[in-house]
Amino acid sequence: MDDEEAPVPLPLDGRLDLHLFHPRDVPALLEAYIPECRAAGVLHLEIIHGKGTGALGRRVRALLDRRDDVLHHAVADERRGGWGVTLVTLRPLPGGCGTHP
């Protein structure tokens, strides 16, 4: 495996900056990141996708809409990045507890 394909370790602190990734990788990234956050008890996420044309933010929110483990998501207020950031609340694992923002 060459370095460009090597896994990128991500901290499970609830902040996911998508600027570091190619847009085509976002669905698989969310598919892997969200369950790991839930397992670690991190239930409040900030997904930073930037403003740009808004296409990536819309894609992220569409992907979140399809997930049963997402309780709620919304565009952040201006203090937290405005429409360049999507805030997410995850459903806790049964019997688990989560962190708060």
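Residues numbered from 1 in each chain as written. Predicted model: local features only at pLDDT ≥ 70, side-chain atom pairs only at ≥ 80, totals over all residues. Heavy atoms only, no water.

1. Regarding the sheet that holds strand S2 (residues 44-48)
Step number 1: In spatial order, the strands read S1-S2-S4-S3; together these four strands make up an open sheet with mixed pairing. A strand with exactly one partner marks an edge of an open sheet, and here the two such strands are strand S1 (15-17) and strand S3 (70-75). When strand polarity is set aside, the average angle formed by the axes of neighbouring strands in this sheet is 20 degrees.
Step number 2: The sheet contact formed by S1 and S2 spans three bridges and is parallel. Residue Asp17 lies in a different strand from S2, and its bridge partner there is Ile48.
Step number 3: Along the sheet, helix H2 (residues 55-65) makes contact with S2, S3 and strand S4 (85-90), crossing S3 at roughly 160 degrees. (Pairing = 2+ DSSP bridges. Helix = DSSP H or I, 4+ residues; strand = E, 2+ residues; numbered from the N terminus. Axes fitted to C-alpha atoms, helices over the stretch in contact; angles between N-to-C directions. Contact = heavy atoms within 4.5 Å.)

2. Points about the nonpolar core
Step number 1: Within the largest apolar cluster, 20 residues are counted, with the highest numbers of intra-cluster contacts made by Leu18, Leu30, Leu45, Val60 and Leu90.
Step number 2: The set of elements that each furnish at least two residues to this core consists of helix H1 (26-39), S2, H2 and S4.
Step number 3: By residue number, the principal contributor to this core is H1, which donates six residues.
Step number 4: Residue contacts for Leu18: discarding those within four places in its chain leaves Val26, Leu29, Ile47, Ile48, His49, Leu56 and Val60. (Core = buried A, V, L, I, M, F, W, Y, C linked by side-chain atoms within 4.5 Å. Buried < 20%, exposed > 50% of the residue type's maximum accessible area, 1.4 Å probe, protein only.)

3. Concerning the side chain of His49
Step number 1: Looking at the secondary structure, you find His49 in the loop between S2 and H2.
Step number 2: Side-chain polar atoms of His49 contact the side chain of Thr86, separated by 2.7 Å. (Polar contact = N/O pair within 3.5 Å; in protein donor to acceptor, adjacent residues only side chain to side chain.)

4. Points about the pattern of salt bridges
Step number 1: Applying the stated criterion across every chain, the model contains six salt bridges.
Step number 2: The residue Arg67 makes a salt bridge to Asp69 at a minimum N-O spacing of 2.7 Å. You'll find Arg67 and Asp69 in the same group, each marked buried.
Step number 3: Among the salt bridges present, the one from Asp77 reaches Arg79, with a minimum N-O distance of 3.0 Å.
Step number 4: A network of salt bridges, in which partner residues are shared, links Glu31, Arg38, Arg67 and Asp69. (Salt bridge = Lys/Arg side-chain N within 4 Å of Asp/Glu carboxyl O.)

5. Some thoughts on the pairing of S2
Step number 1: In terms of burial, S2 is a largely internal element, four of the five residues being buried.
Step number 2: Pairing of S2 with S4 involves five bridges; the strand directions are antiparallel. Paired with Ile48 across the strands is Val85, a residue of S4.

6. Quick word on the environment of Val85
Step number 1: Tracing the backbone shows Val85 in strand S4.
Step number 2: You can call Val85 buried: its relative accessible area is 5%.
Step number 3: Along the chain, Val85 and Leu18 lie 67 residues apart, while their C-alpha atoms are 10.0 Å from each other.
Step number 4: In contact with Val85, not counting residues within four places along its chain, are Glu46, Ile47, Ile48, His49, Ala74, Val75, Ala76 and Arg80.

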